[in-house]
Amino acid sequence: MAESIVIRVQSPDGMKKIFATKRETAALFLKKVAKEFGFSTNGFSIYLNRNKTGEIVSQNKSLSLLKIKHGDMLYLFPSGVPGPSGEVMDVVAPLASSSSSSSSSSSSSLSRGQSGPQVVEDEIDQYLAKQDGKIYRNRDPQLCRHGVMGKCVHCVPLEPFDEDYLNHLDPPVKHMSFHAYIRKLTGGADKGKFAALENISCKIKSGCEGHPPWPEGICTKCQPSAITLNRQKYRHVDNIMFENHTIADRFLDFWRKTGNQRMGYLYGRYTEHKDIPLGIRAEVAAIYEPPQIGTQNSLELLDDPKAATVEEIAAKLGLCKVGWIFTDLMSEDTRIGTVRYGRHKDSYFLSAEECITAGDFQNRHPNSCRLSPDGHFGSKYVTVLATGGPDNQVHFEGYQVSNQCMALVRDECLLPCRDAPELGYAKESSTEQYVPDVFYKDKDKFGNDITYLARPLPVEYLIIDITTTFPKDPVYTFTSTHRFPIENRDVLGETQDFHSLATYLSQCTSTVFLNIVSDFHLLLFLVTNEVMPLRDSIGLLLDAVKTSNEELAQTWKKSEQWATIEQLCSTVGGQPTGLHDYGAIGGPSAPASTSSMWSCRHCTFMNQPGTELCEMCSLPRS
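Residues numbered from 1 in each chain as written. Predicted model: local features only at pLDDT ≥ 70, side-chain atom pairs only at ≥ 80, totals over all residues. Heavy atoms only, no water.

As for the confidence of the model for the protein chain
Applicable threshold: The score called pLDDT rates the predictor's confidence residue by residue, from a low of 0 to a high of 100. Elements are defined by DSSP. Helices are runs of H or I of four residues or more, strands are runs of E of two residues or more, and each kind is numbered from the N terminus. Throughout, a residue-residue contact means that at least one pair of heavy atoms, one from each residue, lies within 4.5 Å.
Confidence in the prediction for the protein chain averages 84 pLDDT; 88% of positions are at 70 or higher. Confidence, read as mean pLDDT per element, is least for helix α2 (residues 101–115) in the protein chain (39) and greatest for strand β9 (residues 239–242) (97). Every residue in residues 81–116 is under pLDDT 50, and counting partners more than four places away or in other chains gives 63 contacts. Scored below 50 in pLDDT, residues 574–594 shows 27 contacts in the model against residues more than four places distant or in partner chains.

Rendered as structure tokens:
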């Protein structure tokens, strides 16, 4: 009896205890396991470790020789593809050590692929998962007392999630990068055994049969947990960078000419942000402006029939939708070009309605993550706001909303307040919907932490700020130096048609065809115009723009499609060459019309036709 031992065997269906002896052979032990779990002798594999290392094979060696002791835990994996319960055996692979980061990443992907559909992460995520990520420091001449090859606490490499290091950066970093957060979860003694990246759910779990459905019944098994809002310690994107000032200036031109607010989608790519350990940067290469109705203090998005085509063209150009941008600008002094500074710590940074919109966009663009049971976690979709800064000039501020806010928006639990833009409101439960309690913590006048019910809710608990920058050396994905009209700006008299295309081509003096057609809005027009759409024949040109290959562009220029485009432009222009009807200002020489919008010569505001006084400065037209 002294040699009797109990071995625990964990499988996707749960854990069972197997009684054995120290001198028992591995072959006999495996037969007991097969009988206990109902497997055939070759229908499963047993390992000493959870990561499928140290397999126990059928042999005549005793358990004591295999270093199996009383109370040890072994791990059983079926040979076939496991069912949904196989998710219990899936764990986060350790990524902390640099020497095994690549192998652990692939092993975790393999395990995840066996238990569910294979998750394909973004290229930047795959790249950062293989990086060391450690923060290397030089030898301190004052504190280090060792040789050149030695290391001590003053010069040993730091982990990418070291908060003291991040707080001492200039400027300090409040949020660690998402991949640094993953390293923190999967580091330590347990190597991420109990770590999980689970999405928050505010809905009642379906399938509970012990009681009638809501509102007649609810239990602790199906009831969602209450949510206490906390500052998110990480962010999925650490920096937003516009490739050049031209992108932002062209977007702001709409507000400068009309005084109405504007919104657009940011297209670009995700790259490594080297200023923060394992950081991600969203680089903006173009802005697409969808159909919308804008006033001086509101925006309304309309249905966009070209949305799928724009996504397709952007993908062929190597770009993806990385976020959205909108303006909140109000002129303060038109003589010196200043704007009102209205968003600050004493008012608000984002309104509750804007937070809900950002949360909806982020839910539509989830971040693929192999470490989440759902295959996605959070979002890399960013929000950029063009508003007045402390110096009364236009500033670009970047934001994301937290994963908690995304869950509240996805499950329709958050509402804006009508007369307080800085406050949101957590819905109350009704007969149609159960809403869990939402709390947040604040300090009272004595410095004590007090928990409040989120009715109402200050939206700063939901916001993550992101630095928005412009490079010292501008970068141009689209190299055209001339401006083709931007889509959906008919209210300005800027239309995308073959008349404007003829004007654009007449202005281009470059002999390099690639530089002429390398314009995002021009390429969209060539694909989406109703006269001669080139959706099926423009692939070669898109490849040329993507790879900056002039030879490919010249090959496409010789096609019948471009010859037809040139013929249409010459027909619209009225001359075979299409050059003589256009003046130096880039427009057709036509007499001024009273039925078109006119620009005030005092403040440059674009006024509606039929008016004699400027709507902005109230000065006469003449």
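Next comes the rest of the account.
Details of unusual backbone geometry
Counted only if it meets this: The buried label goes to any residue with under 20% of its type's maximum accessible area, the exposed label to any with over 50%, and the partly exposed label to all in between, with areas taken from a 1.4 Å probe on protein chains only.
With omega at 15°, the peptide bond leading from Trp 214 into Pro 215 counts as cis. Along the polypeptide, Pro 215 turns up in the loop between α5 (178–186) and β7 (227–229). Cis geometry marks the peptide bond from Arg 455 to Pro 456, where omega comes out at 5°. Turning to its location among the elements, Pro 456 is positioned in the loop between β24 (449–453) and β25 (457–458). Even without being a glycine, Lys 67 presents a positive backbone phi close to 65°. Note on placement: Lys 67 falls in the loop between β4 (55–56) and β5 (73–78). Judged by its relative accessible area of 65%, Lys 67 is exposed.

Side note on the pairing of β9
To be explicit about the condition: Paired strands, as defined in this entry, are two strands with at least two bridges between them according to DSSP.
Because side chains alternate across β9, one face comprises the buried residues Asn 239 and Met 241, and the other comprises Ile 240 and Phe 242, equally buried. In terms of strand pairing, β9 meets strand β26 (residues 463–469) through 3 bridges, oriented parallel. Its bridge partner lying in β26, Asn 239 is registered against Thr 467.

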